[in-house]
Number of protein chains: 4
Amino acid sequence: MNPDIYTRRESEARSYCRSFPTSFVKASGSILTDEKGTDYIDFLAGCSSLNYGHNDPDMKAALIEHISNDGVTHGLDMHTEQKEAFLTAFEDIILKPRGMDHKVMMVGPTGTNAVEAAMKLARKTTGRHNIVAFTNGFHGMTMGALAATGNAGKRNGGAMPLQGVTHLPYDGAMGPDVNTLDQIEFMLENPSSGLDAPAAFLVEPVQGEGGLNAASAEWLRGIAALAKKNGALLILDDIQAGIGRTGTFFSFEEMGIEPDMVPMAKSLSGMGLPFAALLLKPELDVWKPAEHNGTFRGNTHAFVTARVALEKFWKDDSFQTELKSKARTIEMGLTSIADMVDGARLKGRGLMRGVDVGSGDLAEKICAEAFKRGLIIETSGAHDEVVKVLAPLTTTEEQFEKGFEILRDATRAALTENNQIAAE
Amino acid sequence: MNPDIYTRRESEARSYCRSFPTSFVKASGSILTDEKGTDYIDFLAGCSSLNYGHNDPDMKAALIEHISNDGVTHGLDMHTEQKEAFLTAFEDIILKPRGMDHKVMMVGPTGTNAVEAAMKLARKTTGRHNIVAFTNGFHGMTMGALAATGNAGKRNGGAMPLQGVTHLPYDGAMGPDVNTLDQIEFMLENPSSGLDAPAAFLVEPVQGEGGLNAASAEWLRGIAALAKKNGALLILDDIQAGIGRTGTFFSFEEMGIEPDMVPMAKSLSGMGLPFAALLLKPELDVWKPAEHNGTFRGNTHAFVTARVALEKFWKDDSFQTELKSKARTIEMGLTSIADMVDGARLKGRGLMRGVDVGSGDLAEKICAEAFKRGLIIETSGAHDEVVKVLAPLTTTEEQFEKGFEILRDATRAALTENNQIAAE
Amino acid sequence: MNPDIYTRRESEARSYCRSFPTSFVKASGSILTDEKGTDYIDFLAGCSSLNYGHNDPDMKAALIEHISNDGVTHGLDMHTEQKEAFLTAFEDIILKPRGMDHKVMMVGPTGTNAVEAAMKLARKTTGRHNIVAFTNGFHGMTMGALAATGNAGKRNGGAMPLQGVTHLPYDGAMGPDVNTLDQIEFMLENPSSGLDAPAAFLVEPVQGEGGLNAASAEWLRGIAALAKKNGALLILDDIQAGIGRTGTFFSFEEMGIEPDMVPMAKSLSGMGLPFAALLLKPELDVWKPAEHNGTFRGNTHAFVTARVALEKFWKDDSFQTELKSKARTIEMGLTSIADMVDGARLKGRGLMRGVDVGSGDLAEKICAEAFKRGLIIETSGAHDEVVKVLAPLTTTEEQFEKGFEILRDATRAALTENNQIAAE
Amino acid sequence: MNPDIYTRRESEARSYCRSFPTSFVKASGSILTDEKGTDYIDFLAGCSSLNYGHNDPDMKAALIEHISNDGVTHGLDMHTEQKEAFLTAFEDIILKPRGMDHKVMMVGPTGTNAVEAAMKLARKTTGRHNIVAFTNGFHGMTMGALAATGNAGKRNGGAMPLQGVTHLPYDGAMGPDVNTLDQIEFMLENPSSGLDAPAAFLVEPVQGEGGLNAASAEWLRGIAALAKKNGALLILDDIQAGIGRTGTFFSFEEMGIEPDMVPMAKSLSGMGLPFAALLLKPELDVWKPAEHNGTFRGNTHAFVTARVALEKFWKDDSFQTELKSKARTIEMGLTSIADMVDGARLKGRGLMRGVDVGSGDLAEKICAEAFKRGLIIETSGAHDEVVKVLAPLTTTEEQFEKGFEILRDATRAALTENNQIAAE
């Protein structure tokens, strides 16, 4: 690696490369390999964009075949064999069995674009401008979605007032004793609260960036009920928590809620290719042609791999069954970490888990020590205080075992280091 | 094709598929082939995202090799062999020979994301909120970039007031007799004009969506001078006009202007893969790590193909020389169309050309007739009044010849149809 | 009275005249007299703009003398004998004895103008745009102040999104068991809450329009402490609660808080003349000349009467002592009303009191019945559920006695009416 | 005078007192008298708030009588004898003879409040947010009106982005050779101009603060036609130019335009008392009661004096005839100044006139020299380059003669001073 090219030519905005200072040359399943031939277990999975692991052989094969055959690479939003096949698979394998009648809007291939489309459509269909988002929520970096993102550092990047969003406390945000639904209801019911009638509630069922906060089904049903009562739409941002991450395809399955819109991205393509979509109830589909568009909407390569992913992993419930078992593995692994750190507590749900170690400083040290030992893992939370496991869902039991062993070693090393500092 | 799947499951926002109602299965060079085996000459090129044509064999080969070798598909913004190679090639082949010291910011893989990053950075570095954009400008669909987009239909899609942008008239917007620099200067120099001091001027050297309006070098130098004088940055949006489209790699080369930032996307990957970047002067690079980020920033597949594209087409000036000749071919072809339509006039520059046929109705009929005859071509302009040629730059002389022949036939048919309607 | 002139020529925005459908010809002390010679006891006092009653004889005399002598009526913000005398009296009688070093900014003669000036200055001096206001707060109708006003009906009048303000729950807003300081602190301390760092907290010590909600000293000290800790200013809007209304000149005296800015209006002139001012800490006084101005800033007639008011009522503490006794009278009077209505409870503080009768319907009936019997009284609160007493502070014990007698009769009548409706 | 009280206790925002550093004790007709007994001819007239001069004897007498009789001083918006009399007089003397069917909305007693009400109503009735205002326009200091004000210094006082207004060039703004209607029409007709469909055009027939720029009748008719064609309302801000200032009661009379709304303030009360109103077409009067309100709306003292003013000056056309002759006097006086200064040119219309002396520096020197000689006069314009005459309309020929004599002396002194500086 020639690190100079990065300092010389890549913007200071680059970030993950700072935590993982090596150059990767290969990636397969849950293993990343760097230029020195070192293997790393990947507990980050492209921030949940690689739920099926790196370079799944079936997706690879299908994509190589598509390219070899001169299949369309870029087709704007014209009809292609691949788009038809994807839509058909998505309808048959995902929507129908779940009783969902949503339509699919092909947006620019990023999560933020799907969120922007949802926000625009919510405003357009309700004639209201305000959207309620939640503390610690993360929805993207473009100005519309950034307004709904809680993180102060990200918000300040906008360098001008953000508008059109009211932030209310997420489930559990003020501790277990405060039911934040009460506060939300109070703001909605009091006609002098200053809360403008919301076009929508925009909520992540599990907050990935915000610290792996998992909303309870009861709370989400409460939000759904408040939305309905107040003439607002329910937008469930499933960008990070969807596609099996919590154990089911959508993170909100079996919760008894029916979202009006679902922004999707990250693992939607299956192979880590840029791809995003917005699911929307048919009655909301008032878009005029190209009223919201984007050159790369509907990535054809991603149609190919996404279809393979649906057919391979979701046609029956074997994968989902497997996920339950892996979720327990992760819980046990993280419990072993939590047991080592005073006051630590588990966060998250399904295979989207973490351990709050009490401080960003410690969490960062743990991750740094883990990297030295061959594990790629990152922090999350408003203070970066959560060590977050977002391993590929296809990670084997052996890999989990090894990964958590490294994580324990890393935690031990980080605690020792902290103690030494404290002793000095 | 099963069109039902689209009406049943794809959002009404879909658009190009309405103009080209068939299903494509293959794409190579300048030819798209549909499921019936019909070949279409492509004069749209993914709205200039396929400047090197579909599935360039060298890019294909490199990409297939990369995938076959389990090269990284999704690496967030970690270092990879492919990123390093791309940055090095971009530095050596593009930046250095042009005396540019810009850094590259990897943004989400869409043009709008690059524009949003530029707008945020301009505000952040100047402490000013206002950005001057131009009539008929198009910069994207997310709320920040949408504010800079002129089109009323697109703007209304935002469904709430857009903010932070003042729109001033583009070069030639009010006809050849009005020098719009005077108006712009007046607004800037008059301290009571109501124009808030601009953080930046955001301008397309050629307006792709706005009607193929090409700014003169003199006008752009005037804007650059006004920016400098008023403490504002110059952002040249080269998303559609860049990567050879006007005959040089950047559309602003040889104009004597040095932009502070250059949003790039569309043909940057070379093969039509989602990829975008923001070039920025080093002194502006005050981003904190991840202050603006995005899961799909730095598409590794695109690094591979983009590097091949740079090495294949831009290492010496043979390609650029070829473009000059093709630009003349296009001009001649479009002149033959313009000669058929009363009052028609040529628009654009280089290989980003069109003919204003006076009405959107006629332009749309011409495009529809062309499609029937095997040519994919679209309109542009505030009233869709321009028949726009954005053929792959690699289109052969024979293909151009055939394409323009079809276009002449289509124009004739559309005019006949119009005359018949008029006669009735 | 010719009511036609009003329906024909006055805007539908008119309001109080609908509750009190007669035409007034005379006003003295606490008595308004209509054209038929009917006397009304005034328990509204121009919404607390007539704290010293109507046409105080000393103010009248001074004003008549001033006019007779051709004293300046309108002097923009030039120096006049009257302005000097007012400022001197305000310094000697109000500021110095209270240890306040605030400066006085002459703003346009309305409360909203004083609030707008305060909001602008808070943003200007802190470089932050966000201002925290509170549920049920009322600060004015112009777009800056309206953003800080909670009432949905008023807000909708703006007919576009209001910006720059976050609304958080006022003291007691969620019932006695919830300490809203916790929620406010949570939003401030969590860097991912989505609350942009506030330039200021804008708060009414007692919310006049919002339902006579009185913040506790402890809560206000908590807000003051949070403001200080977070680099935000404290703006205490004393427009309705100030000038003796709560028993002291300022409503926040003896609370141990030192506001950075205090918007004042309503009873500031003493006689009901349009007059407003903003008190601001000297270190905040960074205004450039006329940076915020207004043709009628510094009403000279009001300088005359305001000075008389200060000298007559605030030179020693006899008036303040008297207010304590009257506050008790009001409390007893309202208690007698509350005793008549199931679940009713007293609201407010000092001489700014009311009784929440549980529904806007009942409260309005009570006020309508009171008017029939010779008492002018209005409702307040998000649902107009509070019968509000804002009698002149100079109301005599007899007048209070008579007023409350009417109010009891009116309540009885309203309850009877309600019962009859219920029985039907 | 004790100047310390001002530096110690009045905000730095104070302004006119800096140009006229004395303390005034008396004011009658066109004469202000200071504490030393010096008389000043008033060519400023409270920025056109004293069109009938200071302390008109009939208005004084009526006001004293009203106060003496305990007439209502502050009546919120309840019916009073005085309001009825004012409305009746306004209908009979002003509206009916001019064929106007407008209703009167009593707003807070400042111009900015009337403008805010108009902007809100325009947005409410059209469902559009954007309002077109003009370069050099001045409409007030509260956040809604400030957005429509052009002056950069004033705008920056808002300390956050202002929204909802697009500024286009006023008549003549770019010199006599450019018809700015063309630019405005271009922005409106081009659906990709970026100009959001306007709710209203907000325009001053003569720009008082902006440099006494008088729009031609033709241009205003053009704006009216564009408004009509584009579904926008026409708001003529007559706050400074109205009430006889241009020679007729409204400044737009005899121009063939019918404004939808007319904000009025300044000289509306006749005597310089705070008073404002919004005239609005009956079909626009969709306000709900108190949807826009304000404690001091409908100043009863001002009703008294305003009625006297209407009856005294506007019942027949003798006053208006007189104004024509005085307009000529002013024109001759200012021509004599213009003749002394190279390149100077007359500005304005009627009795709202000035001379552009080419630089703010010279204009300020002239005004300072005039004050030394007993004349109160101010500058105007984006660069303060206009010496502005806003004398009371009741100024006698002798007073005008004497005033202009002083002005000529002052100009001579200022020019001499400038020449001396240049020589050094």
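Residue positions are counted from 1 within each chain, in the order its sequence is given. For this description, chains carry letters from A and ligands carry numbers from 1, given in the order in which they are written. Residues qualify for local features only when their pLDDT is at least 70, as the model is predicted, and side-chain atom pairs are given and counted only at 80 or more; totals for whole chains, interfaces and linings, by contrast, use all residues. Hydrogens and water molecules were not included; the side-chain quantities draw on all heavy atoms of the structure.

Under the annotation held in an unreviewed UniProt entry, chain A carries the name Diaminobutyrate--2-oxoglutarate transaminase and is attributed to Salipiger profundus. UniProt positions are given in the numbering used here, feature names are shortened, and annotations may be inferred rather than shown by experiment. Reading the Sequence similarities (unreviewed entry) entry of the UniProt record for chain A gives the comment "Belongs to the class-III pyridoxal-phosphate-dependent aminotransferase family." If you open the UniProt record of chain A and go to Pathway (unreviewed entry), you find "Amine and polyamine biosynthesis; ectoine biosynthesis; L-ectoine from L-aspartate 4-semialdehyde: step 1/3."

A. Expanded view of the relation of the copies chain D and chain C. When the copies are superposed, the least-squares fit takes in the C-alpha atoms of residues with a pLDDT of at least 70 in both. Expressed as a screw operation, the relation of chain D to chain C combines 0.0 Å of axial shift with a rotation of 180°, fitting to an RMSD of 0.0 Å. Taken together, these values place the two copies in the relation of a two-fold axis. Whether two residues are in contact is decided by their heavy atoms, any of which lying within 4.5 Å being enough. With an isologous cut-off of 70% or more, the 100% of interface residues of chain D that recur at the interface of chain C puts this contact in the isologous class.

B. A look at the sheet that holds strand S14 (residues 345–349) of chain D. Residues and elements named next belong to chain D. Any two strands between which DSSP finds at least two bridges are classified as paired. Only DSSP runs of H or I covering at least 4 residues are called helices, and only runs of E covering at least 2 are called strands; the numbering of each starts at the N terminus. Pairing in this open sheet of four strands is antiparallel, and the strands run S14-S15-S18-S17 from one edge to the other. Two strands in the sheet have a free side with no partner beyond their single neighbour: S14 and strand S17 (378–380). Each strand of the sheet is rotated relative to its neighbour by a mean of 35°, with strand direction disregarded. Here S14 pairs with strand S15 (residues 352–356) via five bridges, running antiparallel. Paired with Lys-347 across the two strands is Gly-354, which belongs to S15. Axis geometry follows a simple rule: fit a line to the C-alpha atoms, using only the stretch in contact for helices, then measure angles between N-to-C directions, giving values from 0 to 180 degrees.

C. Inspection of the pattern of salt bridges at higher detail. Residue and element names in this part refer to chain A. When a carboxyl oxygen of Asp or Glu lies within 4 Å of a side-chain nitrogen of Lys or Arg, that pair is called a salt bridge. For the structure on display, the rule yields 108 salt bridges over all chains. Glu-369 is the partner of Lys-372 in a salt bridge, and the nearest nitrogen-oxygen pair spans 3.1 Å. With a gap of three residues between them, Lys-372 and Glu-369 both fall in helix H13 (residues 360–372), about one helical turn apart. When accessible area is computed with a 1.4 Å probe and restricted to protein chains, residues below 20% of their type maximum are described as buried, those above 50% as exposed, and intermediate ones as partly exposed. You can call Glu-369 buried: its relative accessible area is 9%.

D. Fine view of the confidence of the model for chain A. The predicted model of chain A has a mean per-residue pLDDT of 97, with 100% of residues at 70 or higher. Quick note on the complex model: pTM equals 0.97, ipTM equals 0.97. The quantity known as pLDDT measures the predictor's confidence residue by residue, on a range of 0 to 100.

E. Expanded view of the environment of D:Gly175. With respect to the helices and strands, the residue D:Gly175 is situated in the loop between strand S7 (165–168) and helix H9 (180–189). Separated by 156 residues in sequence, D:Gly175 and D:Ser19 place their C-alpha atoms 31 Å apart.

F. Focus on the interface of chain B and chain A. The interface is formed by 110 residues belonging to chain B together with 110 residues belonging to chain A. When chain B packs against chain A, close to 9,600 Å² is buried across both sides, 58% of that on carbon and sulfur atoms. Looking at the side of chain B facing chain A, the largest losses of area belong to B:Arg9, B:His79 and B:Phe296, adding up to 9% of the total buried there. The partner of B:Asp70 in a salt bridge is A:Lys60, and the shortest N-O contact between them spans 2.8 Å. Pairing of N or O atoms within 3.5 Å defines a polar contact, subject to two protein rules: one partner must be a possible hydrogen donor and the other a possible acceptor, and residues neighboring in sequence count only if both atoms are side-chain atoms. Where chain B touches chain A, the interface holds 61 residue pairs in polar contact (both at pLDDT 80 or more). The greatest single-element share of the side of chain B that touches chain A, amounting to eight residues, is contributed by helix H5 (residues 81–95) of chain B. Polarity classes work like this: nonpolar for Ala, Val, Leu, Ile, Met, Phe, Trp, Tyr, Cys and Pro, charged for Asp, Glu, Lys and Arg, and polar for all others, with Gly in that last group. Classifying every residue of the side of chain B that touches chain A gives 43 nonpolar, 40 polar and 27 charged. Note: strand S4 (residues 79–80) of chain A against strand S1 (residues 23–28) of chain B, two bridges, orientation parallel. Here the buried area means the combined drop in accessible surface, using a 1.4 Å probe, for two parts upon being joined, counting both sides.

G. Summary view of the packing of helix H13 (residues 360–372) of chain B against helix H14 (residues 397–423) of chain B. Residue and element names in this part refer to chain B. Across the interface, H13 lies against H14 with an axial gap of 8 Å and an inter-helix angle of 130°. Here H13 is positioned oblique relative to H14, judged by the angle of their axes. Crossing handedness for the pair H13 and H14: right-handed. Of the residues in H14, those in contact with Asp-361, Leu-362, Lys-365, Ile-366, Glu-369 and Ala-370 of H13 are Ile-406, Leu-407, Ala-410, Thr-411, Ala-413, Ala-414, Leu-415, Glu-417, Asn-418 and Ile-421. Class assignment of the residues belonging to the contact of H13 with H14 gives a composition of 10 nonpolar, two polar and four charged. Throughout this description, any angle smaller than 35 degrees is read as roughly parallel, any larger than 145 degrees as roughly antiparallel, any in the 65 to 115 degree range as roughly perpendicular, and the remainder as oblique. Each crossing gets its handedness from the near helix: less than a right angle anticlockwise from the far helix is left-handed, clockwise is right-handed.

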